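Survey of secondary and tertiary structure
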Amino acid sequence: MPERGAFSLPERASAVSDCRLVDLPRIHDPRGNLTFLESGRHAPFAIERVYYLYDVPGGETRGGHAHLELQQFIIAASGSFDVVLDDGRERQRYHLNRSYFGLYVPRMIWRELDNFSSGSVCLVLASAHYAEGDYIRDYADYCRIVDGLPR
Ligand code: TYD
């Protein structure tokens, strides 16, 4: 197994069934609607980083990795795209097309994002700052690691 540096493996593997679509609060207003999300209330972690994907060319795929420790919350802030989640045994595809739904992704879940609509924005709230050492970028490597963890 490759050196994982400062990042530790979890005691148990995560499952696709641990991921969930969260229906966020909606404040309807004739001036325009508003949605909010609070750490500990809607996202089960403290938000340390925000990033977003935009100008994704048609047919492109993003993601293609898992994280040893990072938890994320993925929102289609504009437009739509699909998130494919994989725990080494099961795969589930979510179509995100509403800015008031967020997809919670715990640590150690493989994810791929595709089917981006034109002009879409994928907003990601993350539990830690960016760290390349937290990534598992090879699917076979990912499967080997989760196969060694209790479920
Ligand atoms: P990556 O996470 O692989 O993109 P995605 O999963 O969305 O397809 O990141 C792509 C590149 O951007 C990679 O070189 C690392 C860099 N990056 C940062 O510098 N900071 C960040 O917060 C993120 C998410 C990526």
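A few points on the structure.

Cut-offs used in this document
Residues numbered from 1 in each chain as written. Predicted model: local features only at pLDDT ≥ 70, side-chain atom pairs only at ≥ 80, totals over all residues. Heavy atoms only, no water. Helix = DSSP H or I, 4+ residues; strand = E, 2+ residues; numbered from the N terminus. Rg over C-alpha atoms; globule rule 2.2 N^0.38 Å. Buried < 20%, exposed > 50% of the residue type's maximum accessible area, 1.4 Å probe, protein only. Pairing = 2+ DSSP bridges. Contact = heavy atoms within 4.5 Å. Polar contact = N/O pair within 3.5 Å; in protein donor to acceptor, adjacent residues only side chain to side chain. Near = heavy atom within 4 Å. Areas by Shrake-Rupley, 256 points an atom, 1.4 Å probe, with all protein chains shown as cover. Axes fitted to C-alpha atoms, helices over the stretch in contact; angles between N-to-C directions. Disulfide = S-S within 2.5 Å. Patch = residues over 30% accessible without salt bridge, like charges linked within 9 Å, V, L, I, M, F, W, Y side chains within 5 Å. Salt bridge = Lys/Arg side-chain N within 4 Å of Asp/Glu carboxyl O.

**Side note on the overall build of the chain**
For the chain, the count of helices and strands is 1 helix and 12 strands. Traced from its N-terminal end to its C-terminal end, the chain shows the element sequence β-β-β-β-β-β-β-β-β-β-β-β-α. Rg of the C-alpha trace for the chain: 16 Å, near the compact-globule value of 15 Å for 151 residues, within the 12% margin. Scored against the burial criterion, the 151 residues of the chain give a buried share of 43%.

**Brief notes about the sheet that holds strand 7 (residues 81–86)**
Pairing is antiparallel in the open sheet, where 5 strands are placed in the order 8-7-10-5-12. Whereas interior strands pair on both sides, the edge strands pair on one side only; in this sheet they are strand 8 (91–96) and strand 12 (135–136). Looking at chain direction, strand 5 (residues 62–67) and strand 10 (residues 110–114) are connected through 3 bridges and run antiparallel. Directly across from Arg62, in strand 10, lies its bridge partner Leu113.

**Focus on helix 1 (residues 139–147)**
Where helix 1 is concerned, the buried positions are Asp141, Tyr142, Cys143, Ile145 and Val146. Buried residues along helix 1 sit in contact with strand 5, strand 7, strand 10 and strand 12. Two or three places before Ala140, at the start of helix 1, stands the capping residue Asp138, its side-chain oxygen 3.3 Å from that residue's backbone nitrogen.

**Describing the site of the ligand**
Near the ligand, the surroundings consist of Arg49, Tyr51, Leu53, Arg62, Gly63, His65, Tyr130, Tyr135 and Arg137. Separating an oxygen atom of the ligand from a backbone N or O atom of Gly63 is a distance of 2.8 Å. A distance of 2.9 Å is found between an oxygen atom of the ligand and a side-chain nitrogen or oxygen belonging to Arg137. Starting from 520 Å² of accessible surface for the ligand in isolation, the protein chains cover 64%. Those elements that provide at least two residues to the shell around the ligand are strand 4 (49–53) and strand 5.

**Quick look at the sheet that holds strand 9 (residues 101–105)**
Strand order in the open sheet formed by 5 strands is 1-9-6-11-4, and the pairing between neighbours is antiparallel. Each end of this open sheet is capped by a strand with a single partner; those strands are strand 1 (20–23) and strand 4. Neighbour to neighbour, the strand axes of the sheet diverge by 25° on average, direction disregarded. As defined by bridge partners, strand 6 (residues 72–78) adjoins strand 9 across 4 bridges and the pair is classed as antiparallel. Bridging from a neighbouring strand, Ile75 pairs with Gly102 of strand 9.

**Structural notes on the state of the cysteines**
Enumeration according to the criterion identifies 0 disulfides in this entry. Here Cys19 is not disulfide-linked; the sulfur of Cys122 is the nearest cysteine sulfur, at 14 Å. Residue class for Cys19 comes out buried when judged on its relative accessible area of 5%. Counting only cysteine sulfurs, Cys19 is the nearest neighbor of Cys143, a cysteine outside any disulfide, at a range of 15 Å. For Cys143, a relative accessible area of 17% puts it in the buried group.

**Considerations on a nonpolar patch on the surface**
A cluster of nonpolar side chains, contributed by Val50, Tyr52 and Tyr54, occupies part of the molecular surface with about 340 Å² of accessible area. Note on Val50: relative accessible area 46%, which makes it partly exposed.

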